[in-house]
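Summary of the model geometry
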Amino acid sequence: MGLFAHRPPDDCWTEQRDHKTYRVQLGDTGDSEALPLTLDHPEPVRVVRSQEVLERNGYRQGELTPQPTDQEWLGITRLPAQAFPAPVIRRLGHDRWKQENHGWMDLTPHGAFQQGFLHACRHHPKRRHAAGQRERVPNQGLAAVTLILLIAFTLGSAFVRRHSKLVRRHHLTALAVAAQLHRCISKAPPSVRAPT
């Protein structure tokens, strides 16, 4: 933070995205001012600082008004400044948070990654040794089940976002589409008589 305390930002701009306005002030130590990360890991790193004012409309006392929020982001990277300028590093940081919000935050409350599931997968089975003692068996169940759930979540999300007409036409959420799919699967199949 001391590197940015007494110098103006390297770049300033305003951008509109997703019905939000961002006023951005960006600072970058660059490759010339790179610092060692720690004593144990002396490889030089760049620091990118983004000070942002995010304005989005919200209701306050019954009226729709712009509501500003101050945000500050620090990115620490070893990517070279020539190939990855500071605005690209900022964009990568925002994209990372988008993945967090649209991926893991959906999996935790609506997927199977809840505390009970994770606790059950940490169970370590035991087997008897030749001498009669019990020893733990390595449990690969959590990794396998997690990967299966991630594949199912990815396929389901891709279907909802790219193929589902319900989302495009009626602006349904992914949870509403999942509820409709569940209802369709849960119904008993219609009785079909075999030809005589």
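One structure accompanies this document, and this report is about it. Along each chain, residue indices are assigned from 1 in the same order as the chain's sequence is written. The model is predicted, so local features are restricted to residues of pLDDT at least 70 and side-chain atom pairs to those at 80 or more, both for listing and for counting; the totals for chains, interfaces and linings are taken over all residues. The basis for every side-chain value is the complete set of heavy atoms in the structure, and neither hydrogens nor water enter the calculation.

1. Considerations on the overall build of the protein chain
- Where helices and strands are cited, they refer to DSSP runs of H or I of at least four residues and of E of at least two residues respectively, numbered from the N terminus. Counting secondary structure elements, the protein chain contains 6 helices and 7 strands.
- Listing every helix and strand of the protein chain by position from the N terminus yields α-β-β-β-β-β-α-α-β-β-α-α-α.
- Exposed residues in this analysis have more than 50% of their type's maximum accessible area, buried residues have under 20%, and partly exposed residues fall in between, with area computed by a 1.4 Å probe over protein chains only. Taken over 196 residues, the protein chain has a buried fraction of 18%.
- By sequence separation, contacts in the protein chain at least 24 residues apart represent 46% of the contacts at least 6 residues apart.
- Every accessible area reported is derived by Shrake-Rupley at a probe size of 1.4 Å, with residue values counting cover from the shown protein chains alone. Summed over its atoms, the accessible surface of the protein chain is roughly 15,200 Å², and 58% of this surface lies on carbon and sulfur atoms. Residue contacts are defined here by distance: any two heavy atoms, one from each residue, within 4.5 Å place the two residues in contact.

2. Remarks on the nonpolar core
- By nonpolar core is meant a set of buried Ala, Val, Leu, Ile, Met, Phe, Trp, Tyr and Cys residues that side-chain atoms within 4.5 Å join together. Core analysis: the largest hydrophobic core is formed by 7 residues, namely Tyr 22, Val 24, Leu 26, Val 48, Leu 54, Ala 86 and Ile 89.
- Those elements that provide at least two residues to this core are strand 2 (20–28), strand 4 (44–60) and helix 2 (86–110).
- Tallying contributions element by element places strand 2 first for this core, with 3 residues.

3. Here's the deal with the side chain of Thr 77
- Structurally, the position occupied by Thr 77 is in strand 5 (residues 63–77).
- In this structure, Thr 77 is in contact with Val 45, Arg 46 and Ile 89, ignoring residues within four places of it in sequence.

4. Details of the side chain of Glu 52
- Position of Glu 52 among the secondary structure elements: in strand 4.
- Judged by its relative accessible area of 2%, Glu 52 is buried.
- Any pair of N or O atoms that falls within 3.5 Å is considered a polar contact. Within protein, one atom must be able to donate a hydrogen and the other to accept it, and sequence-neighbouring residues count only if both atoms are side-chain atoms. One polar contact links Glu 52 to Ser 50, side chain to side chain, over a distance of 2.7 Å.
- Among the polar contacts listed, one links the side chain of Glu 52 to the side chain of Arg 90, at a separation of 2.9 Å.
- Residue contacts for Glu 52: discarding those within four places in its chain leaves Tyr 22, Arg 23, Val 24, Thr 69, Asp 70, Gln 71, Trp 73, Arg 90 and His 94.

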